[in-house]
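Observations on the three-dimensional arrangement
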Amino acid sequence: MALSLVIQMRDPVTGLTLRLYYGVFEKEDVITRSAEILNETAGTVQLHKALSACLDIPFGDWELIHFPGRHCMERQAERRKLMDGIQKISSRRGSSSHQHNPFAILALPETSEDYGECLGAMLVYSGSFQIEIEKTQMRAVRMVLGIQEEQFLWKLERGESFVMPEVLLSYSGRGLTGLSHNYADFIREHICRGKYKKARRPILINNWEATYFDFTAEKLLDIAEKAGELGIEMLVLDDGWFGRRDCETDGLGDWYVNEEKLGGNLNSLIEKINKMGMKFGIWVEPEMVNEDSDLYKAHPDWALSVPGREPVMGRCQLALDMGRQEVQDYLYEALRTLLSEHPIDYIKWDMNRNLSDIYSRVLAPERQGEAGHRYILGVYALLERLTEAFPDVLFEGCSGGGGRFDCGMLCYSPQIWCSDDTDAIARLKIQYGTSFGYPVSAMGAHVSACPNHQTGRSTPLRTRGVVAMSGTFGCELDLALLDEAERQEIAEQIDQFKAYYPLIQWGDYYRLTDAIADTYFTAWQFASKDGAEALLNVVVVSPQANPTPIHVRLKGLREEAVYLEKTEGKYYSGAALMYGGFTLPILKGDYPAVQYYFVKEGSE
Ligand code: GLA
């Protein structure tokens, strides 16, 4: 339940009306805010900026926490002092981007995970955005955020209105952890929708890092069979199943099955997979087109490009003009056919390039500043139609990994592939940064092969399992290359993940170390909301000789309760674990990881 407030204002000079919409979500301690401009004047108005909220704080030496990064290195949390003047976090890439996240926190210097004041502002938006934070001459701080103003210009005809993206505002007087819990609870409850908002999602194996484009039906069936034996519940067929798609240069746009490559039709493959007791999911990248595709040959003008200029390619592809109704209709029809003619349980919705040449062939020259925002509205409109028509299909967002990890996409896909970097040690930082604003249930994370394909690093299988469990947990490797003991270990991880699922996905997440600054080990923990159980996770990132003990203090437990730690079978009081702490045995070797599960007496 939310309380809504609408404030309507009229500017007597221009005659424009502004409506401010507030939603008060008391339980999660979040206030939503958006704004609408109505043109009830006699003429046309041009909007040069479309910003959603402005927050003025007249006191405090605030610091900024934000989440910069790059492909394979998303959301690397950074905390810094505010400088005099305006500092801007933004994306001009047409999507929220790998480089910045549409989320920022202001924290007082003394604010830590557990104490102190902080406030967050997060855009429910997947396009180019900006967050400006100004420290003024009078020591006040102003934060203004909304759609990126560069390249934006919207013509508002008489009688029309324009709605700015919504912002989620939250405050915590109990440190950063409290703020993260507000956002995690809010997103799980009010942003994620559909069947899989609460239902347990299937544990999947994805063939991408196992085969890349080079697969056959036999290989896929082999992966599925071995995966099913371990308790994996779904095979996801990634890129390369459609059109003439055998490499990056061809086929995007042609969403029909390449039966030659699959040695038969898709239904017979799915039937065989279903017979193994596995569900079936598939990869698509609907917003994109390769020049070498039937779609591009038929409709070259559907791609974003500037007349007379050679368009800039990204991963050998162009972006479609998603603001155009006929493009949305074509894609809806193609995906509706795919989903209704085949028993598909899951869609991985990818988007693998930044937008450039943002010029729409159907907009007048003076309306080209609308093309970027119309693109995102078009993506949402298409996803809205598809998720309504296929409510049982689980959607997972993706954009070269985590390049569009935001609440706009989470409205349609309750999980998003967190990063193309599947290295467990790199993931510690990526998932740590992501956890400031987003729930673990949204973070796509898989166990992959070693040496890792992105970093070349080798980590123990256990460590890869522990890290992937702090996400949606899945696998992305060729199981045929593992030995029996390794396969058995994955089966055990799957059993464990299933057992811990409610605690991990719906419990509270606690960062026990700073994954960026603390170089010795990274620790984090889950506690159920009622404090009945907790799961402690520790990974040694840089082992020491003659090591100092790894000692952590748990959080979210009940002081007066007694807990049984299951691995060693010892009892501790909640107060002892939270205020005294828990000392781990010495951990040696390359990147060892441990998990400890605590259960309150009486709740076993
Ligand atoms: C992107 C995704 C990967 C994979 C490839 C396929 O990079 O992030 O997981 O799906 O595309 O081309």
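Structure shown above.
Counting restarts for each chain, with residues numbered from 1 along the sequence as it is written. Local features in a predicted model are, by the rule used here, given only for residues with pLDDT of at least 70; side-chain atom pairs are given and counted only at 80 or more, and totals for whole chains, interfaces and linings are based on all residues. By convention in this description, side-chain values take in all heavy atoms of the structure and omit both hydrogens and water.

Salt-bridge detection follows one rule: a side-chain nitrogen of Lys or Arg within 4 Å of a carboxyl oxygen of Asp or Glu. This model, assessed by the stated rule, comprises 46 salt bridges. Residue glutamate 149 pairs with lysine 49 through a salt bridge whose shortest N-O separation is 3.6 Å. Of this pair, glutamate 149 sits in the loop between strand 12 (141-147) and strand 13 (154-156) while lysine 49 sits in the loop between strand 4 (45-47) and strand 5 (51-57); the two residues are 100 residues apart in sequence, bridging distant segments of the chain. You can call glutamate 149 partly exposed: its relative accessible area is 26%. Take lysine 49: its relative accessible area is 43%, and that puts it in the partly exposed class. With its nearest N and O atoms 3.1 Å apart, the salt bridge here joins arginine 324 to aspartate 301. A run of H or I in DSSP becomes a helix once it reaches four residues, and a run of E becomes a strand once it reaches two; helices and strands are each numbered from the N terminus. Classification of residues uses two cut-offs on accessible area relative to the type maximum, computed with a 1.4 Å probe and protein chains only: under 20% is buried, over 50% is exposed, and between them is partly exposed.

Note on aromatic contacts: the rings of Phe and Tyr and the six-membered ring of Trp form a pair at centre separations within 6.5 Å, being stacked when their planes are under 30 degrees apart, edge-to-face when over 60 apart, and tilted otherwise. Taken as a whole and assessed by the stated rule, the structure comprises 31 aromatic pairs. Taking 5.4 Å as the distance between ring centres and 0 degrees as the angle between the ring planes, the aromatic pair formed by phenylalanine 67 and phenylalanine 103 counts as stacked. Taken together, the residues phenylalanine 67 in the loop between strand 6 (63-66) and strand 7 (78-81) and phenylalanine 103 in strand 9 (residues 103-107) connect sequence positions 36 residues apart. No difference in accessibility class separates phenylalanine 67 from phenylalanine 103, as the two residues are buried. Seen from their ring centres, phenylalanine 152 and tryptophan 154 are 6.3 Å apart, and the 20 degrees between their planes marks the pair as stacked. An aromatic cluster is built from Phe67, Phe103, Tyr183, Phe405, Tyr432, Phe436 and Tyr438, whose rings are joined through pairwise contacts. The ring centre of tyrosine 501 lies 5.8 Å from the NZ or CZ of arginine 200, which sits over that ring. Charge-over-ring placement is defined geometrically: NZ (Lys) or CZ (Arg) within 6 Å of the ring centre, and within 35 degrees of the ring normal.

Turning to a nonpolar patch on the surface, a few remarks are in order. By definition, no residue in a patch forms a salt bridge, and every one has over 30% relative accessible area; like charges are joined within 9 Å, nonpolar side chains (Val, Leu, Ile, Met, Phe, Trp, Tyr) within 5 Å. Accessibility throughout is a Shrake-Rupley quantity obtained with a 1.4 Å probe, and a residue counts as covered only by protein chains that appear here. A contiguous nonpolar surface patch, about 250 Å² in accessible area, is contributed by Leu3, Val24 and Ile31. Checked against the element boundaries, valine 24 lands in strand 2 (residues 17-25).

With that settled, the discussion passes to the site of the ligand. Nearness here has a simple test: a residue counts as near a molecule or strand if at least one of its heavy atoms is within 4 Å of that partner. Taken together, 13 residues are adjacent to the ligand, and Asp238, Asp239, Arg315, Lys348 and Asp420 come closest. One nitrogen or oxygen atom from the side chain of aspartate 239 is found 2.6 Å from an oxygen atom belonging to the ligand. One of the side-chain N or O atoms of asparagine 352 is found 3.0 Å from an oxygen atom in the ligand. Protein burial of the ligand: of its 310 Å² of free accessible surface, 95% is covered by the chains. Partitioned by chemical class, the residues of the shell around the ligand number 4 nonpolar, 3 polar and 6 charged. As used in this structure description, the phrase polar contact means that two N or O atoms lie within 3.5 Å; if the pair is within protein, one of them must be able to donate a hydrogen and the other to accept it, and residues adjacent in sequence are counted only when both atoms belong to side chains. For this scheme, ten residues count as nonpolar: Ala, Val, Leu, Ile, Met, Phe, Trp, Tyr, Cys and Pro. Four count as charged, namely Asp, Glu, Lys and Arg, and the remainder, Gly too, count as polar.

This part covers the sheet that holds strand 17 (residues 234-237). Strand pairing follows a simple DSSP-based rule, namely that at least 2 bridges must link the two strands. The strand order across the open sheet built from 9 strands is 24-23-22-21-18-17-16-26-25, with neighbouring strands paired in parallel fashion. Lying at the two open borders of the sheet, with one neighbouring strand each, are strand 24 (443-444) and strand 25 (446-448).

With that out of the way, let us pick up the pairing of strand 2. Relative to strand 2, strand 1 (residues 3-10) is paired through 8 bridges, and the arrangement is antiparallel. Pairing of arginine 10 across the sheet is with threonine 17, part of strand 2. Count of turn residues in the strand 1/strand 2 antiparallel hairpin: 6 residues, of which glycine 15 carries a positive phi of about 85 degrees. Here 9 bridges tie strand 2 to strand 3 (residues 30-38), and the two strands are oriented antiparallel to one another. Within the sheet, the bridge partner assigned to arginine 19 lies in strand 3 and is glutamate 36.

Side chains Tyr346 and Lys348 project from strand 21 (residues 346-349) onto one buried face, and the interleaved Ile347 and Trp349 project onto a second face that is buried too. The sheet contact formed by strand 18 (residues 279-284) and strand 21 spans 4 bridges and is parallel. From the neighbouring strand, tryptophan 283 faces strand 21, where its bridge partner is lysine 348. Where strand 21 meets strand 22 (residues 394-397), 4 bridges bridge the pair, whose relative direction is parallel. Bridge pairing in strand 22 links isoleucine 347 to phenylalanine 395.

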